Amino acid sequence: MTRIPKSHPRYWSLLYREKLVEGLEKGMTAVEGLIAHGRGEAFDYLIGERTIEPAERAMRAAVAAFLLAKHPVVSVNGNVAALVPEETVRLAKALNAKLEINLFYRTEERVKAIERELRKYGAEEILGINPTRRIPGLEHERGRVDENGIWKADVVLVPLEDGDRTEALVRMGKLVVTVDLNPLSRSARRANITVVDNVVRAYPRMTELAEEMRKLGRDELEGILRDYDNRLTLSDVLIHIRDRLGKLAEEGLPD
Ligand code: ATP
Ligand code: MG
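Overview of the structure. As the structure is a computational prediction, the values presented were derived from the model and not from experiment.

1. Side note on the overall build of the chain
- The helix and strand tally for the chain stands at eleven helices and eight strands.
- Computed over C-alpha atoms, the radius of gyration of the chain comes to 18 Å, within 12% of the 18 Å expected from 2.2 N^0.38 for 255 residues, which places it in the range of a compact globule.
- The principal-axis extents of the C-alpha atoms in the chain amount to approximately 55 × 45 × 35 Å.
- The buried share of the chain, taken over its 255 residues, is 51%.
- Counting only contacts in the chain whose residues sit at least 6 apart along the sequence, the fraction spanning at least 24 positions is 63%.
- Accessible surface for the chain amounts to roughly 12,600 Å². Of this, 51% is attributable to carbon and sulfur atoms.
- When the 41 basic and 42 acidic side-chain charges of the chain are each reduced to a single mean position, those positions are 2 Å apart.

2. A word on the pattern of salt bridges
- Counted by the stated rule, this structure contains 22 salt bridges.
- With a shortest N-O distance of 3.1 Å, Glu86 and Arg90 are connected by a salt bridge. Highlighted residues: Glu86 and Arg90, both in helix H5 (residues 85-95), separated by four residues, approximately one helical turn.
- In this structure, the salt-bridge partner of Glu161 is Arg165, at a minimum N-O distance of 3.1 Å.
- Each member of the salt-bridge network shares a partner with another, and the members are Glu56, Arg205, Glu208 and Glu212.

3. Things to note about the nonpolar core
- Core analysis: the largest hydrophobic core is formed by 61 residues, its most contacted members being Val74, Leu157 and Tyr203.
- Apart from residues lying up to four places away in sequence, Leu157 is in contact with Phe66, Val73, Val74, Ser75, Leu91, Val177, Thr178, Val179, Tyr203 and Met206.
- Judged by nonpolar contacts, the second largest core, of twelve residues, contains Val73, Val158, Val176 and Ala191.

4. A short note on the packing of aromatic side chains
- Within the structure shown, the criterion is met by three aromatic pairs.
- These aromatic residues form a ring-pair network of at least three members: Tyr11, Trp12 and Tyr16.

5. Some thoughts on the site of ligand 1
- Around ligand 1, the surrounding shell holds 18 residues, and the nearest of these are Arg39, Gly163, Asp180, Arg186 and Ser187.
- In this structure, Gly163 approaches ligand 1 through a main-chain N or O atom, which is 2.8 Å from an oxygen atom.
- Measuring from a nitrogen atom of ligand 1, one finds a backbone N or O atom of Leu181 at 3.1 Å.
- Taken by itself ligand 1 offers 620 Å² of open surface, and the protein chains cover 85% of this.
- In this structure the site holding ligand 1 corresponds to the largest pocket.
- Only helix H2 (31-47) and helix H8 (186-190) provide two or more residues apiece to the shell around ligand 1.
- It is H2 that provides the largest number of residues to the shell around ligand 1, a total of four residues.
- When its residues are assigned to classes, the shell around ligand 1 shows five nonpolar, seven polar and six charged.

6. Thoughts on the pairing of strand E1 (residues 72-76)
- Buried residues dominate E1, accounting for five of its five residues.
- Across the two faces of E1 the burial is the same, with Pro72, Val74 and Val76 and Val73 and Ser75 all buried.
- Taken together, the three bridges between E1 and strand E6 (residues 155-157) define a ladder with parallel strand orientation. Each residue of the ladder has a partner; that of Val73, found in E6, is Val156.

7. Description of the side chain of Arg106
- You can see Arg106 is positioned in the loop between strand E2 (98-101) and helix H6 (108-120).
- At 3.4 Å, the side chain of Arg106 and the side chain of Glu108 are in polar contact.
- Within the structure, Arg106 has its side chain in polar contact with the backbone oxygen of Gly128 (distance 3.1 Å).
- Discounting residues that sit within four places of it in the chain, Arg106 has contacts with Val111, Gly128, Ile129, Pro131, Glu141 and Arg144.

Rules of the game
Residues numbered from 1 in each chain as written. Chains lettered and ligands numbered in written order. Predicted model: local features only at pLDDT ≥ 70, side-chain atom pairs only at ≥ 80, totals over all residues. Heavy atoms only, no water. Helix = DSSP H or I, 4+ residues; strand = E, 2+ residues; numbered from the N terminus. Rg over C-alpha atoms; globule rule 2.2 N^0.38 Å. Buried < 20%, exposed > 50% of the residue type's maximum accessible area, 1.4 Å probe, protein only. Contact = heavy atoms within 4.5 Å. Areas by Shrake-Rupley, 256 points an atom, 1.4 Å probe, with all protein chains shown as cover. Lys, Arg positive; Asp, Glu negative; His and termini not counted. Charge placed at Lys NZ, Arg CZ, Asp CG, Glu CD. Salt bridge = Lys/Arg side-chain N within 4 Å of Asp/Glu carboxyl O. Core = buried A, V, L, I, M, F, W, Y, C linked by side-chain atoms within 4.5 Å. Phe/Tyr/Trp six-rings, centres within 6.5 Å; stacked < 30°, edge-to-face > 60°. Near = heavy atom within 4 Å. Polar contact = N/O pair within 3.5 Å; in protein donor to acceptor, adjacent residues only side chain to side chain. 1 Å grid on protein atoms, 1.4 Å probe; cavity = no way out; pocket = protein on both sides within 12 Å on 5 of 7 lines; lining within 4 Å. Sits in = over half its atoms within 2 Å of the grid points. Nonpolar A, V, L, I, M, F, W, Y, C, P; charged D, E, K, R; others polar. Pairing = 2+ DSSP bridges.

Below you can see the structure in the form of structure tokens.
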């Protein structure tokens, strides 16, 4: 599919941009989603475009929470459907979680296009097609959720999510996990567990962790969750960025 030469030094970054443009053309992704991706890319540059230790720590806690959950739900939006559709289906299966399409800029066409894409990769049950409930505190379209999905979920994964919605879900008493490259965003600060990593790296890693950690007992999983501190994780991300930039400033930028 790609028109990008593999030899280009920014091949991966360009490839994911192209995937988003394709998501737009397929009717899955909102134009605003492209802007959100650009903001994510900027933070990925600062982090060093790799999975850092605080993200690994958050992923372990997130997987523990999912494996302990009664009604776990993985939410899908237009950017995620464009970037990692197959990985989303795999992750939800590994976590034994339901999939729910949940859009900030909801239109029926976008929901259908995303549903089609997820089915291509083997998704069976997909929620969020006819959401009948509403998250308290959010106005009409933005707050619509599935009665059997996010509405009754105890643990939810809402990647690349808007801060206001993250906050509303936390207020409903759910354990909220987000994946967000910006450690300063409201979502990152409001969620219970924040994975500061690119979703394209985080999802395959979380799937691996789910397969490993499934062998652990409930008490071990509870221990991992209990020992996790999201404030500390976010400050460790900022320390990582500060130290990295400090080093680059002193040593001179690499070629
Ligand atoms: P908030 O509402 O939480 O304060 P925001 O308004 O800055 O955040 P939104 O557009 O609401 O941004 O949310 C999208 C978030 O997703 C941004 O914080 C952005 O950094 C992040 N993001 C974009 N692309 C990716 C990606 N590929 N992987 C992980 N995070 C990403
Ligand atoms: Mg926002």
